[in-house]
Amino acid sequence: MDEHRRNALDFFEATAWIKANLPGAKVSGGVSNVSFSFRGNDHVREAMHACFLYHGIRHGMDMGIVNPGQLVVYEQIEAELRDRIEDVLLDRRDDATERLLAYAEDVKGAGQVRQKDESWRELPIDARIEHSLVNGLDAYVEQDAEEAMKALGSPLSVIEGPLMRGMNVVGDLFGAGKMFLPQVVKSARVMKRAVAWLEPHFAAESAAAGTAPRKQGKILLATVKGDVHDIGKNIVGVVLQCNNFEVIDLGVMVPPQKILDAAREQGVDAIGLSGLITPSLDEMVFLASEMQRQGFTIPLLIGGATTSRAHTAVKIQPVYHGPLVHVNDASRAVPVVQKLLSSESADYSAEVRADYERLREQYASRSAERRFAGIDQARAQRYVPDFSAKPAAPAQYGVFPLRDYPLEDLVPYIDWTPFFQAWDLHGKYPRILTDEVVGAQARSLFDDAQIMLRQIVAEKWITAHGVYGFFPARQDGDDIAVQTPQGERRFLTLRQQGQKADGQPYLALADFIDPAGQDTLGLFAVTTGHGVDERTQAFKDANDDYRALMLQALADRLAEAFAERLHHRVRTEFWGYASGEALSNDALIAEEYQGIRPAPGYPACPDHLEKDLLFELLDAEHHTGLHLTESKAMYPTAAVSGYYFAHPEAKYFGLAKIDRDQIADYATRRGIPLAEAERWLNPLIN
């Protein structure tokens, strides 16, 4: 109908207008509706979706609802079909609809049955290499690298020619949202295997001619001192390498001066810092201040789970005057680095700096307006559960190790949603497997994960160790006093202080323990990290970053599953206060059980120093092989530790910011100088 001719074009133009005039607004579209008239003809439908997404994204569309299982790469649509679709979408011809319908009849059903298509092997060598890279196919890459070297005359020509052109296509598709992170990592595997095959030939040639492949830039990456988490950093490194950046990865727990010395020695163009635990935030601030003091002017990139734009703006920008950007995920790393190292670097850096200055002013204004209850008032309004409902004591107090715990017992307890998040695929499992945008990639990734998971269990790639303990406990102010064979020891808890309405309690974990005594506190520590580093390194040595990252992600999931499984057994067997519990895994993930297992470093108990006593009472290093770094990160990294509170009214909460009177009180209770208390609790201080 004539009145519908401009529907798609109107959408594109409206999107562009919204982006130009309402910069804070987001635009979404139900892309699959575009092709509804062609249902049953998947070949045409998937091409229409790809064309609509291509033009929608170019005009500023933020999100589209499609079935990725029926989505092809825009550039791979045959030219005639693409032209006829775009004639319709862009209203370019009066007969556009009739021409597309005629074409659709000719190809009807072509997309119904998918068979392994090897026709791409007949393409010219450049196109074959590009196809391998875009589709993550490494079966022929060494054969094609050899053929390309014979055709082009040198390995350097292959690297700078078809391989780089292919990776540029991958980078462009990733940047445009047409490829997802797991696909990019697979592309990197193809690239690395091709380069590894070419390397012996290249080494001889470059030594004779003094040549080397040209790179976009050299980036140094490191996880800061005291922190051992590196999966996010590793993903960023792979994505940067895919886009022709040279990456110098110093690994984990890297002292500040080692980072700066390496940056000078290697002549890097930018430094990227990563960290997961909250003490890493202060390490980043210190390193930034040292960069300023030592005269660095190169860009500094900040990333990691606990980092944020706000922290970067408020704490780091004031101490480093060079280019500074917070990078919140791997997909942002490449465009940020490209801008920082391009001719527009000065303008981009100034724009980011101005944005951070506004953010810092807003933060200061909010902080000034924030109201706190004094610590004495907060304690007077503490939460008081019904302690007549507290569970009975466990049959036996003490510490109980679990060595070589069977991995197959952990698999049913895996929460898969964070697994997908680690790969920048966001959505709740299992719905993510049928998600309109990322469903196809989620299913492919999940299938690969199941294959590796079966290998992990059957071949015992990793070892699981755990330990738990029960201790008589009583509440004493904001402390939890526990009885041990060596005498009384104290866990320190922190209390909410953000101003609340009358009658609303200020929570601390100590509230869930009976001040009259005759109560119990449980402790635990588990790991599935033993064996991970060695096998991960073997994958990296084989140029297989995809499987290396997959193993790290699965080991983390198994550690959380171990914590979930152990808590289940504590509730139903070892302590037994919920012996009749019968919950599904979904209900366990939703925490519908009685009791909580908060962990030091997390919202209810953000004090990492509590891990020292927890590890001591459990003798965790002996029983599990875990140890704490100077910043209290657990190593191996696939590990979880925490407390068991069994009272039916115990609940999770966030401490948020606290006032300085509590910091001073905490320093006195812990017996450390105020400055040291402020350093450990710095992220909490208003």
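A brief report on the enclosed structure follows. (Residues numbered from 1 in each chain as written. Predicted model: local features only at pLDDT ≥ 70, side-chain atom pairs only at ≥ 80, totals over all residues. Heavy atoms only, no water.)

Description of the sheet that holds strand E4 (residues 245-249)
With respect to topology, 5 strands assemble into an open sheet ordered E4-E3-E5-E6-E7, the strand pairing being parallel. Taken across any chain shown, the strands that pair with only one partner, and hence form the sheet edges, are E4 and strand E7 (324-326). For this sheet, the mean inter-axis angle between neighbouring strands, taken without regard to orientation, is 20 degrees. Contacting strand E3 (217-223), E4 and strand E5 (270-274), helix H10 (residues 256-266) runs over the sheet at an angle of about 165 degrees to E3. (Pairing = 2+ DSSP bridges. Helix = DSSP H or I, 4+ residues; strand = E, 2+ residues; numbered from the N terminus. Axes fitted to C-alpha atoms, helices over the stretch in contact; angles between N-to-C directions. Contact = heavy atoms within 4.5 Å.)

A few points about the side chain of Arg121
Among the secondary structure elements, Arg121 is positioned in the loop between helix H4 (96-106) and helix H5 (125-135). Since its relative accessible area comes to 14%, Arg121 is described here as buried. Engagement of the side chain of Arg121 in a polar contact is seen with the side chain of Asp144, the distance being 2.8 Å. Once residues within four sequence positions are removed from consideration, Arg121 is found in contact with Arg128, Tyr140, Gln143 and Asp144. (Buried < 20%, exposed > 50% of the residue type's maximum accessible area, 1.4 Å probe, protein only. Polar contact = N/O pair within 3.5 Å; in protein donor to acceptor, adjacent residues only side chain to side chain.)

Description of the packing of helix H3 (residues 79-89) against H4
At a minimum axis separation of 8 Å, H3 and H4 run at an interaxial angle of 145 degrees. Here H3 and H4 pass one another in a crossing that is left-handed. Residues Glu80, Leu81, Arg84, Ile85, Asp87 and Val88 of H3 lie in contact with H4, whose contacting residues are Ala96, Thr97, Arg99, Leu100 and Tyr103. Of the residues belonging to the contact of H3 with H4, the class tally is 6 nonpolar, 1 polar and 4 charged. (Left-handed = near helix turned anticlockwise from the far one by under 90°. Nonpolar A, V, L, I, M, F, W, Y, C, P; charged D, E, K, R; others polar.)

So, the environment of Asp448
Mapped onto the fold, Asp448 is located in helix H17 (residues 439-458). A residue is classified by how much of its surface remains accessible, and Asp448, at 23% relative accessible area, is partly exposed. For the pair Asp448 and Arg547, spaced 99 residues apart in the sequence, the C-alpha separation amounts to 9.1 Å. Those residues in contact with Asp448 that sit more than four places away from it in its chain are Lys186, Tyr546 and Met550.

Here's the deal with unusual backbone geometry
In the segment running from Tyr429 into Pro430, the intervening peptide bond is cis, with an omega of 5 degrees. For Pro430, the location among the structural elements is in the loop between helix H16 (417-422) and H17. Its identity is not glycine, yet Lys460 carries a phi of approximately 50 degrees, on the positive side. You can see Lys460 is positioned in the loop between H17 and strand E9 (463-476).

Quick word on the packing of helix H6 (residues 141-152) against helix H7 (residues 155-175)
With their axes 8 Å apart at the nearest point, H6 and H7 run at an angle of 110 degrees to one another. As the angle between them shows, H6 and H7 are arranged roughly perpendicular. Across the interface between the two elements, Ala145, Ala148, Met149 and Leu152 from H6 touch Pro155, Ser157, Val158 and Pro162 from H7. The class makeup of the residues in the contact of H6 with H7 is 7 nonpolar, 1 polar and no charged. (Parallel < 35°, antiparallel > 145°, perpendicular 65-115°, else oblique.)

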